[in-house]
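# Coordinate analysis (summary)
Given next are the chains, with one letter for each unit.
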Amino acid sequence: MKVSVLTPTYNRAKTLSKLYTSLKNNLKYEVEIEWLIMDDGSNDNTKEIVKQFVDENVFPIRYFFQENQGKMSALNHLVTEATGEFIIECDSDDYLTDTALKYIKEKCIVDEKIYAYAFLKYDKDNCNIGRLFNVDGMENTMFDLYFKQGEDGEKALVFNTAIRKKYCHQLEENEKFVTEARLYHQMDKNYQIKCYNKAIMICQYQKDGYTKNIKEIFKKNPKGYYAYFKEIFEHNMKNVSFQKRLYVIKHYILFAYLSGAKNPIKQIRGTFNKILYIGLYLPGRFFSKKF
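Summarised in this report is the structure supplied together with it. Computed from a prediction, not measured in an experiment: that's the story for all the values here.

Rules of the game
Numbers given to residues run from 1 along each chain, matching the order in which its sequence is written. Local features in this predicted model are restricted to residues whose pLDDT is 70 or higher, and side-chain atom pairs enter the listing and the counts only when it is 80 or higher, whereas totals over whole chains, interfaces and linings include all residues. Working from all heavy atoms in the structure, the side-chain values ignore hydrogens and water. Helical segments are the DSSP runs of H or I of at least four residues, strand segments are the runs of E of at least two, and each set is numbered from the N terminus. What a helix is expected to span follows from its residue count: subtract one and scale by 1.5 Å. Two axes enter the bend calculation: one fitted to the seven residues ending at the residue in question, the other to the seven starting there, and the bend is the angle between them. Residue exposure (1.4 Å probe, protein chains only): buried if accessible area is under 20% of the type maximum, exposed if over 50%, otherwise partly exposed. In what follows, residue pairs with any heavy atoms lying within 4.5 Å of each other are defined as contacts. For Phe, Tyr and Trp, where Trp contributes only its six-membered ring, two rings pair if their centres lie within 6.5 Å, and the inter-plane angle classes them as stacked under 30 degrees, edge-to-face over 60, or tilted in between. Consider the ring centre and the ring normal. A charge sits over the ring if Lys NZ or Arg CZ is within 6 Å of that centre and within 35 degrees of that normal. Within this document, salt bridges are pairs made up of a side-chain nitrogen of Lys or Arg and a carboxyl oxygen of Asp or Glu, the two lying within 4 Å of each other. Note on definitions: angles span 0 to 180 degrees between N-to-C directions of axes, and those axes are lines fitted to C-alpha atoms, for helices only across the stretch in contact. We call a crossing left-handed when the near helix sits turned anticlockwise from the far one by less than a right angle, and right-handed when that turn is clockwise. Residues are grouped as follows: Ala, Val, Leu, Ile, Met, Phe, Trp, Tyr, Cys and Pro are nonpolar; Asp, Glu, Lys and Arg are charged; all remaining types, including Gly, are polar. Patches here are clusters of residues that have more than 30% relative accessible area and form no salt bridge, with a 9 Å joining cutoff for like charges and a 5 Å cutoff for nonpolar side chains (Val, Leu, Ile, Met, Phe, Trp, Tyr). Accessible areas in this description were obtained via Shrake-Rupley with a 1.4 Å probe; residue shielding takes into account the shown protein chains only.

## What about helix 11 (residues 271-290)?
The first and last C-alpha atoms of helix 11 sit 28 Å apart over 20 residues, in line with the 28 Å expected at 1.5 Å per residue. Maximum bend of helix 11: about 55 degrees, positioned at Y281, with proline P283 one to four residues after it. Of all the positions in helix 11, only N273, L276, Y277, G284 and S288 are classed as buried. Buried residues belonging to helix 11 abut helix 10 (242-259).

## Let's talk about the packing of aromatic side chains
All told, the structure shown has 20 aromatic pairs when counted by the stated rule. Aromatic side chains F177 and Y225 sit 6.5 Å apart centroid to centroid with 35 degrees between the ring planes, which places their arrangement in the tilted category. Placement of F177 in the loop between helix 6 (161-164) and helix 7 (180-188) and of Y225 in helix 9 (residues 222-232) is noted, with a sequence separation of 48 residues between them. In this structure, F177 and Y225 share a single accessibility class: buried. Every member of this aromatic cluster is reached through a ring pair, and the members are F177, F218, Y225, Y228, F229, Y247 and F255. Across the ring face of F159, the terminal group of R164 is positioned such that the distance to the ring centre comes to 5.4 Å.

## Comments concerning the environment of L6
Residue position: L6 is located in strand 1 (residues 2-9). Linking L6 and N25, residues 19 residues apart in sequence, is a C-alpha distance of 17 Å. The contact partners of L6, leaving out residues within four places of it in the chain, are L36, L75, L78, V79, A82, I87, I88, E89 and C90.

## Quick word on the pattern of salt bridges
For the coordinates displayed, the defined rule picks out 20 salt bridges. As a salt-bridge pair, D125 and K124 come within 4.0 Å of each other at their nearest N and O atoms. Each member of the pair, D125 as well as K124, is classed as exposed.

## Some words on the packing of helix 9 against helix 10
The geometry of helix 9 relative to helix 10 is characterised by a closest axis approach of 8 Å and an angle of 145 degrees between their N-to-C directions. In the packing of helix 9 onto helix 10, the handedness of the crossing is left-handed. Residues P222, K223, Y225, Y226, F229, K230 and I232 of helix 9 lie in contact with helix 10, whose contacting residues are Y247, V248, H251, Y252, F255, A256, L258 and S259. A class-by-class count of the residues in the contact of helix 9 with helix 10 yields 11 nonpolar, two polar and two charged.

## Some remarks on unusual backbone geometry
At E30, a position not held by glycine, the phi torsion is positive, near 55 degrees. Along the chain, E30 falls in the loop between helix 1 (13-25) and strand 2 (32-39). The exposure class of E30 is exposed, given its relative accessible area of 68%. The backbone phi angle of N126 is positive, close to 60 degrees, even though this residue is not glycine. Structurally, N126 is set in the loop between strand 6 (114-123) and strand 7 (139-140). Owing to a relative accessible area of 53%, N126 belongs among the exposed residues under this scheme.

## As for the packing of helix 7 against helix 9
Close contact between helix 7 and helix 9 brings their axes to 10 Å; oriented N to C, the two are set at 35 degrees. Once helix 7 is placed against helix 9, the crossing between them reads as left-handed. Packed against helix 7, whose contacting residues are A181, R182, H185 and Q186, the element helix 9 presents G224, A227, Y228, E231 and I232 at the interface. Of the residues in the contact of helix 7 with helix 9, the class split is four nonpolar, three polar and two charged.

## Some remarks on the environment of Q267
Tracing the chain through its elements places Q267 in the loop between helix 10 and helix 11. Taking the C-alpha atoms as reference points, Q267 and W35, separated by 232 residues in sequence, lie 41 Å from one another. Setting aside residues up to four positions removed in sequence, Q267 forms contacts with Y226, K230, F233 and Y252.

## Thoughts on the environment of N174
Looking at the element boundaries, N174 is found in the loop between helix 6 and helix 7. Overall, N174 belongs to the exposed group, its relative accessible area being 77%. Remark: the alpha-carbon pair of N174 and K220, spanning 46 residues in sequence, is separated by 9.7 Å.

## So, a nonpolar patch on the surface
On the surface, a cluster of nonpolar side chains totalling about 310 Å² of accessible area is made up of F242, F272 and I275. For F242, the position within the fold is in helix 10. Residue classification places F242 among the partly exposed positions, given a relative accessible area of 48%.

## Some points on helix 3 (residues 71-81)
Of the positions making up helix 3, those classed as buried are K71, M72, S73, A74, L75, L78 and V79. Buried residues in helix 3 make contact with strand 1, strand 2, strand 3 (61-65), strand 4 (86-89), helix 6 and helix 7.

Structure (C-alpha cells):
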C-alpha cells in the first residue's frame, strides 16, 4: 500500500515539523509514504525547513511553490501529482496519530464504489471533533451523514486516488477558497464513503487559520459559497431535518446578498424550501447587511 499525503501550506514553517515527525512515526507499519507539499507563497523559512526534511531522505518528499492562490488551488495541483493508491489531505497545522497508518492499512482497500474512508479527527486535547459515526464500518454519503443523520465536526478522509483525481475544487472567478463540502457533494452523486470510529489525525487550530477567521473567509469568497448552497437544493432533501433546512436557507440568503445574485428564489427547488425562504427573507437580508 502507498499513501500520498498532500499538504498545502502558507507561512507554517513552525508547524510542519510536527507533521513530519508524525509521518516518520508511522513508517513502522510498513506503508509506503510520499509527502507532497505546496508552498502557497510563504514568506517565512518554509522552503528551508522542507529542505531539511528532504535531506534526511527518510521517505520521498516533493516540494512545490506557487504564488499565493489559496488552499484549494494548491490541492488541485497536488492531487495531479499523487502516485499513491490513497490520498490524505493533511493541513500544515494538523498531524497524524501514532496509529494512523495502522488503521488505514487495516481498513482501506481499493473499492470502485468507495471514494473515501472517513475516520475521526481529534483536537490537541485528544477530544473527538464532532460525533461518533452511528455504525462503525457503515457506507454512506457525506451529504446524508451531515444533513440527514446529524453528524457534525471535522472528519479525516482517506481518498481512493483514482476517484479523487476525477474531481477538483471549483473556484468562482477570482476567489481563493470554497468549502470542501462542495467537492464531497459532487463525489456523493456517484460514490460513497465508508466510516470508522478510529482517530487518525490531530488538529491544531491556528489564530490566523481558516476556522478562526471564517467570517472574513465568507466575505472574500461569497460566490463559491453561494454556488455551494445553491447546489444543495439539487440533492434529495427528503429526511433533511428542519434545523438543517433553516441552516441552508439562512446561509443561502446571506451568500446571495454578498455575491449580488439576481432572483435567488428561482434557484430553490421544493415548495417547502421556497416557503422557508420567503419567511426568512426579510430578517435574512437585515442580518446580511449587518454582517
